[in-house]
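Topology and contacts: notes
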Amino acid sequence: MGYYKLGIDVGSTTIKVVALDSYNKVIYNDYRRHFSDIKNTLIDSLEECFKKIGNFDLKITVTGSGGIGVAQWLQCDFQQEVIACTRAVEEFINKTDVVIELGGEDAKITYLKGGIDQRMNGICAGGTGAFIDQMASLLQTDTFGLNELAKDYNVIYPIASRCGVFAKTDIQPLINDGAKRSDIAMSIFNAVVVQTVSVLSCGRKIEGKVAFLGGPLHFLPSLRDRFKSVLKLDDE
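Quick caveat, the model's predicted, so the values are computed rather than measured.

**Examining the overall build of the protein chain**
Looking only at helices and strands, one finds nine helices and nine strands in the protein chain. Against the globule reference of 18 Å for 236 residues, the protein chain gives a C-alpha radius of gyration of 19 Å, in line with a compact fold. Dimensions of the protein chain, computed from C-alpha atoms along their principal axes, come out at roughly 65 × 40 × 30 Å. The proportion of buried residues among the 236 residues of the protein chain is 43%.

**Focus: the packing of aromatic side chains**
Pairs of aromatic rings are described using the distance from one ring centre to the other and the angle between the two planes. Inspection of every chain in the model, using the stated rule, returns four aromatic pairs. An angle of 80° between the planes, with centres 6.2 Å apart, marks the rings of Phe 144 and Phe 219 as edge-to-face. Of the two residues, Phe 144 is situated in helix H5 (residues 143-150) and Phe 219 in helix H8 (residues 215-219); the sequence distance between them amounts to 75 residues. Note on Phe 219: relative accessible area 33%, which makes it partly exposed. Seen in terms of ring centroids, Phe 212 and Phe 227 are 5.7 Å apart; in terms of plane orientation they differ by 50°. Their pairing is tilted. Here Phe 227 lies in helix H9 (residues 221-231) and Phe 212 lies in strand S9 (residues 210-213), a separation of 15 residues in the sequence. What links up through ring pairs into an aromatic cluster is the set Tyr 31, Phe 144 and Phe 219. In this structure, Arg 204 packs its charged tip against the face of Tyr 111, placed 4.0 Å from the ring centre.

**Points about the nonpolar core**
Among the nonpolar cores identified, the biggest contains 37 residues, and Ile 188, Ile 206, Leu 223 and Phe 227 are the most heavily contacted of them. Of all elements in the fold, only strand S6 (98-102), strand S7 (107-111), helix H4 (129-138), H5, helix H6 (164-176), helix H7 (181-200) and H9 reach the threshold of two or more residues within this core. Among all residues touching Ile 206, those that are not within four sequence positions of it are Val 98, Ile 100, Ile 109, Tyr 111, Val 197, Ser 201 and Leu 231. Formed by 17 residues, the second largest nonpolar core is a distinct cluster that contains Val 10, Ile 27, Val 62 and Ala 71.

**A word on the environment of Ile 100**
By the element assignment, Ile 100 lies in strand S6. Measuring from C-alpha to C-alpha, the distance between Ile 100 and Val 10 comes to 19 Å, with 90 residues separating the pair along the chain. For Ile 100, the contacting residues outside a window of four places in its chain are Lys 108, Ile 109, Thr 196, Ile 206, Val 210, Ala 211, Phe 212, Leu 213, Leu 217, Phe 227 and Leu 231.

**Regarding the pairing of strand S1 (residues 4-10)**
Residues in a regular strand project their side chains so that they alternate between the two faces of the sheet. What you see with S1 is a clean split: Tyr 4, Leu 6, Ile 8 and Val 10 sit on the buried side and Lys 5, Gly 7 and Asp 9 on the side with no burial. As paired strands, S1 and strand S4 (residues 58-63) are joined by six bridges and run parallel to one another. Looking at the pairing, Ile 8 lines up with Val 62 of S4. Taken together, the six bridges between S1 and strand S2 (residues 14-20) define a ladder with antiparallel strand orientation. For Gly 7, the partnering residue across the bridge sits in S2 and is Val 18. Here S1 folds back onto S2, and the loop between the two strands holds three residues.

**So, the sheet that holds strand S5 (residues 77-78)**
The strand order S3-S2-S1-S4-S5 describes an open sheet built from five strands, whose pairing is mixed. Two strands lie at the open edges of the sheet, namely strand S3 (26-33) and S5, each paired on one side alone. Sheet analysis places S2 next to S3, joined by seven bridges and oriented antiparallel. Counterpart to Ile 15 in the pairing with S3 is Arg 32.

**A few points about a nonpolar patch on the surface**
Together, Tyr 31, Phe 144 and Phe 219 give the surface a local cluster of nonpolar side chains, amounting to about 290 Å² of exposed area. A residue is classified by how much of its surface remains accessible, and Phe 144, at 46% relative accessible area, is partly exposed.

What counts and how
- Along each chain, residues carry numbers from 1 onward, in the same order as the chain's sequence is written.
- Side-chain atom pairs in this predicted model are given and counted only at pLDDT of 80 or more, local residue features only at pLDDT of at least 70, and totals for whole chains, interfaces and linings cover all residues.
- With hydrogens and water stripped out, all remaining heavy atoms of the structure feed into the side-chain values.
- Only runs of H or I of at least four residues qualify as helices and only runs of E of at least two qualify as strands under DSSP, and these elements are numbered from the N terminus.
- The globule rule used here is 2.2 Å times the number of residues to the 0.38 power, and the radius of gyration it is set against is calculated over C-alpha atoms.
- Residue burial is assigned from relative accessible area. The probe radius is 1.4 Å, only protein chains are included, and a residue is buried under 20% of its type maximum, exposed over 50%, and partly exposed in between.
- Stacked, tilted and edge-to-face are the three classes applied to pairs of Phe, Tyr and Trp rings, where Trp contributes its six-membered ring and a pair requires centres within 6.5 Å; stacked means planes under 30 degrees apart, edge-to-face means over 60, and tilted covers the rest.
- As a reminder, the over-ring test applies to NZ of lysine and CZ of arginine, requiring each to be within 6 Å of the ring centre and within 35 degrees of the ring normal.
- Among the buried residues, those of types Ala, Val, Leu, Ile, Met, Phe, Trp, Tyr and Cys that are joined through side-chain atoms within 4.5 Å form a nonpolar core.
- Throughout, a residue-residue contact means that at least one pair of heavy atoms, one from each residue, lies within 4.5 Å.
- Pairing between strands is defined by DSSP: at least two bridges between the two strands are required.
- Patches were defined on residues exceeding 30% relative accessible area and lacking a salt bridge, with like-charge contacts within 9 Å and nonpolar side-chain contacts (Val, Leu, Ile, Met, Phe, Trp, Tyr) within 5 Å.
- Where accessible areas are quoted, they stem from the Shrake-Rupley method and a 1.4 Å probe; at the residue level, only the protein chains shown are allowed to cover.
- Whenever a carboxyl oxygen of Asp or Glu lies within 4 Å of a side-chain nitrogen of Lys or Arg, that contact is scored as a salt bridge.

Written as structure tokens, this is what we have:
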């Protein structure tokens, strides 16, 4: 019968679990925030997984910024997240030229053509999922609410995204002056795009076929749309 493959990604804010059968078909997947309680969150997800797939031999691999400790706890293989993501892109979307990935507390741009070249913002959470969460709270909503608001924007205001403190000093006057919440919402997404493109690309063009990875870009279509607009990308 062979074995199933189980992948666990432990990020700064979320845990992702996916199980594949012997034909590489996804038979279970889960995405949830761990709120710094990684062990119990993972146990809950794995219990749900085994209820669904039954008792099978598993090959388990762990990745993610918080994955090393989990791999030691489970006594299974660990794969560095950059390698894992790059291999996944090469396997499933192999025509990709550039990958833009936003996580909970880091952002990456990976150039795949002409040799792999990756730039990462791992020092400050500016322009990442945590930044978006923080800015959404200023508008008394969450990230999904921010995404809905941004759909009705007309004007984009300049907002600093390198630091949440600086961003707040830009956003609060807009709120006080009665700026439309939808305009502020898209301005926040635009700030994330500017931060990612200007700081991480370091002058190298983002062109060709671009893939978006990570929770913020997966769950927030308005953020994807802003990236596509600034980089002049079509839907393909």
